[in-house]
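Secondary and tertiary structure notes
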Amino acid sequence: MKTSNPVLARLGQAAERERATGYAPTGPYGQPGYPQQYPGATGYPAAPPTVTPMSIDDVVVKTVVLLGILGASAAAAWVLVPDALLGVAWIGAAVVGLVLGLIISFSRMANPALVIAYAVVEGVFVGMVSKAFNSLYDGIVLQAVVASFGVFFLMAMLYKARVIRATPKFVRGMVAAMVGLFAVMLINLVLALFGVNTGLRDGSPLAIGFSLVCIVVASLSFVLSFAEVEEGVRMGLPQRYSWTAAFGILVSLVWLYIEILRLLSYFQGDD
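Residues numbered from 1 in each chain as written. Predicted model: local features only at pLDDT ≥ 70, side-chain atom pairs only at ≥ 80, totals over all residues. Heavy atoms only, no water.

Moving on to the overall build of the protein chain. When you go through the protein chain residue by residue, the secondary structure sums to 8 helices and 0 strands. What you see in the protein chain, going N to C, is helices and strands ordered as α-α-α-α-α-α-α-α. Scored against the burial criterion, the 271 residues of the protein chain give a buried share of 42%. When contacts within the protein chain are restricted to residue pairs at least 6 apart in sequence, long-range pairs at least 24 apart make up 83% of them. (Helix = DSSP H or I, 4+ residues; strand = E, 2+ residues; numbered from the N terminus. Buried < 20%, exposed > 50% of the residue type's maximum accessible area, 1.4 Å probe, protein only. Contact = heavy atoms within 4.5 Å.)

This is how it looks when you write it as structure tokens:
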């Protein structure tokens, strides 16, 4: 089983182990040792008949569910968390969300419970960030939400039309870009805690340029998620792996929303 995507490679290996320990593949007439192939698949063994393979519809449903959970959690945090605890809740949710996200990303097994917990925690984070920005710039949250989903659907159409393809070179470049940006943001955060202003988040031209770069990379990361879904379906991953695919889409959406929210705030003035 070969794939250019490192995340899918790990998931594919996990799925193969599940099949090896619990099921024996059979051929079209029940003879052992000949994995059944789905129509159109090339080189990817399908899931055994006793395992329901994931589908694109599964990922769509799981993504909608996660967005609903995140939205409900964000709304609850907005209403229930007092302003005096806004900063504590913001930072706490960000740290817990980061830890859960790393566990899910590097885990070799699909864990729906962890993905749902991540959506709840990220909902608190998004709710607190949104409340803070909205208290300064009324209406900015709605603008950021509309822009985020607009970018998401645009990227989905571009991917469907094959205007943008997840080639091995594209995947490697995106992984390098995301790791680099994460490192820069982490360093900037640590320096900010010690009172050092790097100019990346203060509304300066440098900050605007940095946010634009983050928005572009976050938008292109959807291509990786869409490719993961298609490749996971071809590989015949079990249905619960659709939670992992939906998690990838959710991460990109949250990142894109936060960056758009921040960029819009730079143009709101001092009122």
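On we go from here.
Owing to its 3.6 residues per turn, the α-helix brings residues three or four apart onto one side. Across its 31 residues, helix H7 (residues 205-235) extends 45 Å between first and last C-alpha, which sits within 8% of the 45 Å expected from 1.5 Å per residue. Two residues or fewer after H7 comes Gly 236, characterised by a positive phi angle close to 70 degrees. (Expected span 1.5 Å × (residues − 1).)

Positive phi outside glycine occurs at Arg 162, with the angle close to 60 degrees. Among the structural elements, Arg 162 can be located in the loop between helix H5 (140-160) and helix H6 (168-193). For Arg 162, a relative accessible area of 33% puts it in the partly exposed group.

Along the chain, Val 88 falls in helix H3 (residues 86-106). Separated by 40 residues in the primary sequence, Val 88 and Met 128 place their C-alpha atoms 9.5 Å from one another.

A few words now on the packing of H5 against helix H8 (residues 241-266). The contact between H5 and H8 brings their axes to 9 Å, and the two run at 135 degrees. As far as their axial angle goes, H8 and H5 are oblique. Seen along the crossing, H5 lies across H8 with a hand that is right-handed. Seen from H5, the contacting residues are Ile 140, Val 141, Gln 143, Ala 144, Val 145, Ala 147, Ser 148, Phe 149, Val 151 and Phe 152; seen from H8, they are Ile 249, Leu 253, Leu 256, Tyr 257, Ile 260, Leu 261, Leu 264 and Ser 265. When grouped by side-chain class, the residues that make up the contact of H5 with H8 number 15 nonpolar, 3 polar and no charged. (Axes fitted to C-alpha atoms, helices over the stretch in contact; angles between N-to-C directions. Parallel < 35°, antiparallel > 145°, perpendicular 65-115°, else oblique. Left-handed = near helix turned anticlockwise from the far one by under 90°. Nonpolar A, V, L, I, M, F, W, Y, C, P; charged D, E, K, R; others polar.)

End to end, helix H2 (residues 56-80) covers 36 Å across 25 residues, agreeing with the expected 36 Å (1.5 Å per residue, within 8%). Of all the residues in H2, the buried ones are Asp 58, Val 59, Lys 62, Thr 63, Leu 66, Leu 70, Ser 73, Ala 74 and Ala 77. Of the surrounding elements, those touching the buried residues of H2 are helix H4 (112-136), H7 and H8.

Now for the environment of Leu 191. The residue Leu 191 is located in helix H6 in this model. Its relative accessible area of 31% is what places Leu 191 among the partly exposed residues. Leaving out residues up to four positions away in the same chain, Leu 191 has contacts with Val 196 and Thr 198.

So, on to the confidence of the model for the protein chain. A residue-level look at the protein chain finds 80% of positions with pLDDT of 70 or above and a mean pLDDT of 83. Here helix H1 (residues 6-22) is the element of the protein chain with the lowest mean pLDDT, 55, and H2 is the one with the highest, 95. In this model residues 22-44 is a low-confidence stretch, pLDDT under 50, and it forms 29 contacts with partners more than four residues away in sequence or in other chains. (pLDDT = per-residue confidence, 0-100.)

For Val 175, the position within the fold is in helix H6. Judged by its relative accessible area of 34%, Val 175 is partly exposed. Each C-alpha atom of the pair Val 175 and Val 217 lies 9.8 Å from the other, and the pair is 42 residues apart in sequence.

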